Amino acid sequence: MLGISLSDPHARVMKASISMPNFKAPSIAALICCVATFAFANTIITDPGPGFLSGASGGNITVGYDFTVGSSAIELTALGIWDWNQDGLAEAHSVSLWDTAGNLLASTLISAGTVNPLVGEFRYATIIPITLSAGTTYVLGAGYVDHTADPFIANISGDQATFDPAVSPGNYRRTTGFAFPNDTSVGPGSAVGPNAQFRSVPEPGSTALLLGLAVACLICAHWRLTLREEQRWGQI
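The structure presented is a predicted model; accordingly, all values stated were derived computationally and were not measured.

Participant: Can you explain the overall build of the chain? Please cite residues and give values.
Facilitator: Within the chain, the regular secondary structure consists of 3 helices and 15 strands. For the chain, the residues scored as buried account for 37% of the 236 residues in total. Here the chain has roughly 12400 Å² of accessible surface; of this, 60% comes from carbon and sulfur atoms.

Participant: Explain the environment of Asn 103 to me, using residue names and the numbers behind them.
Facilitator: Mapped onto the secondary structure, Asn 103 falls in the loop between β6 (93-99) and β7 (104-110). Note: C-alpha distance between Asn 103 and Phe 180 (77 residues apart in sequence) is 8.4 Å. If sequence neighbours within four positions are ignored, Asn 103 has contacts with Leu 97 and Trp 98.

Participant: Before we move on, can you summarise the nonpolar core with the specific residues and values?
Facilitator: Ranked by internal contacts, the top residues of the largest apolar core, which has 40 residues, are Ile 44, Phe 67, Leu 76, Leu 97 and Leu 132. Setting aside its immediate chain neighbours within four residues, Ile 44 contacts Tyr 65, Phe 67, Ile 74, Leu 140, Thr 162, Phe 163, Asp 164, Val 167, Asn 195, Ala 196 and Phe 198.

Participant: Summarise unusual backbone geometry; cite the residues concerned and give the values.
Facilitator: Look at the link from Val 192 to Gly 193: it is a cis peptide, with omega at -5 degrees. Structurally, the position occupied by Gly 193 is in the loop between β14 (190-192) and β15 (194-200). Despite not being glycine, His 147 shows a phi value in the positive range, around 55 degrees. Checked against the element boundaries, His 147 lands in the loop between β10 (137-144) and β11 (152-155).

Participant: Break down the pattern of salt bridges for me, with residues and values.
Facilitator: Evaluation of the coordinates by the stated rule reveals 4 salt bridges. Here Asp 66 ties to Arg 173 by a salt bridge, and the two come within 2.8 Å at their closest N and O atoms. With Asp 66 in strand β4 (residues 61-69) and Arg 173 in strand β13 (residues 167-176), this residue pair connects regions lying 107 residues apart in the sequence. For Arg 173, a relative accessible area of 8% gives the class buried. Its salt-bridge partner being Arg 123, residue Asp 83 comes within 2.7 Å of it at the nearest N-O pair. Here Asp 83, found in the loop between β5 (74-82) and β6, pairs with Arg 123, found in strand β9 (residues 122-132); they are 40 residues apart in sequence, far enough to count as distant. Using a relative accessible area of 4% as the deciding quantity, one classes Arg 123 as buried.

Participant: Run through the packing of aromatic side chains, naming residues and quoting values.
Facilitator: Applying the stated criterion across every chain, the model contains 5 aromatic pairs. Taking 6.3 Å as the distance between ring centres and 40 degrees as the angle between the ring planes, the aromatic pair formed by Phe 122 and Tyr 124 counts as tilted. The burial state of Phe 122 is the same as that of Tyr 124; both residues are buried.

Participant: Tell me about the pairing of β5, and please be specific about residues and values.
Facilitator: β5 sits mainly inside the fold: 9 of its 9 residues count as buried. Taken together, the 8 bridges between β5 and β9 define a ladder with antiparallel strand orientation. Counted as the bridge partner of Ile 81 is Arg 123 from β9.

Participant: Any chance you could break down the sheet that holds β9 for me, citing the residues and the numbers?
Facilitator: Whether parallel or antiparallel, the strands of a sheet pair through hydrogen bonds between backbone atoms. Taken in spatial order, the 5 strands of this open sheet run β1-β15-β5-β9-β8, and their pairing is antiparallel. Each end of this open sheet is capped by a strand with a single partner; those strands are β1 (41-43) and β8 (118-119). Where β1 and β15 come together, 3 bridges link them in antiparallel fashion. Bridging across to β15, Asn 42 finds its partner in Phe 198.

Reading the values: the criteria
Residues numbered from 1 in each chain as written. Predicted model: local features only at pLDDT ≥ 70, side-chain atom pairs only at ≥ 80, totals over all residues. Heavy atoms only, no water. Helix = DSSP H or I, 4+ residues; strand = E, 2+ residues; numbered from the N terminus. Buried < 20%, exposed > 50% of the residue type's maximum accessible area, 1.4 Å probe, protein only. Areas by Shrake-Rupley, 256 points an atom, 1.4 Å probe, with all protein chains shown as cover. Contact = heavy atoms within 4.5 Å. Core = buried A, V, L, I, M, F, W, Y, C linked by side-chain atoms within 4.5 Å. Salt bridge = Lys/Arg side-chain N within 4 Å of Asp/Glu carboxyl O. Phe/Tyr/Trp six-rings, centres within 6.5 Å; stacked < 30°, edge-to-face > 60°. Pairing = 2+ DSSP bridges.

This is the structure:
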């Protein structure tokens, strides 16, 4: 026993001084990040589809598809491209996102080889997150050089890739050169090709709920540490 009486005012000061946990900013950030993991990344296309292998012949091309966001907004975090055998790309490819008017919203370059990480059958590069509005149609396209060694899957004539439930599929898109793929004459389908990772955008009420949960966790942690120190002092 240490021979300290809890009735001693000096002991009470000591008790109070050690019962307060020393929260560090990284600890708080880590907790909030743990809560934020509820918003995880999905992909626009979950399966490239049953179509046939195709490529560029006679010139450079840009191919892809359009899709429409469902009832809730989403946030794109990365753009990617299909890697046929998942063993690396033969050439670098530009992957871009446009609105239906042809305004460029995001773009990145996927390097040749295995530089970019493989997720499923696609290689991705992160972008500055961009929010896509609910009920709005967008266009994804990827550039392929003439006689490319990296094929894409052409889903036409009733074939279609599998899309995440958060979006709905639209038309096969193409154009010559590296530009906005405005040609939709093929009709429904997709050239896969390009893909994107996204996460859901929480409603304002949901954000407040998550922050409230983080604060509640901090208060609970403080209470447990305080109780533990009181129990320790009570045994002296």
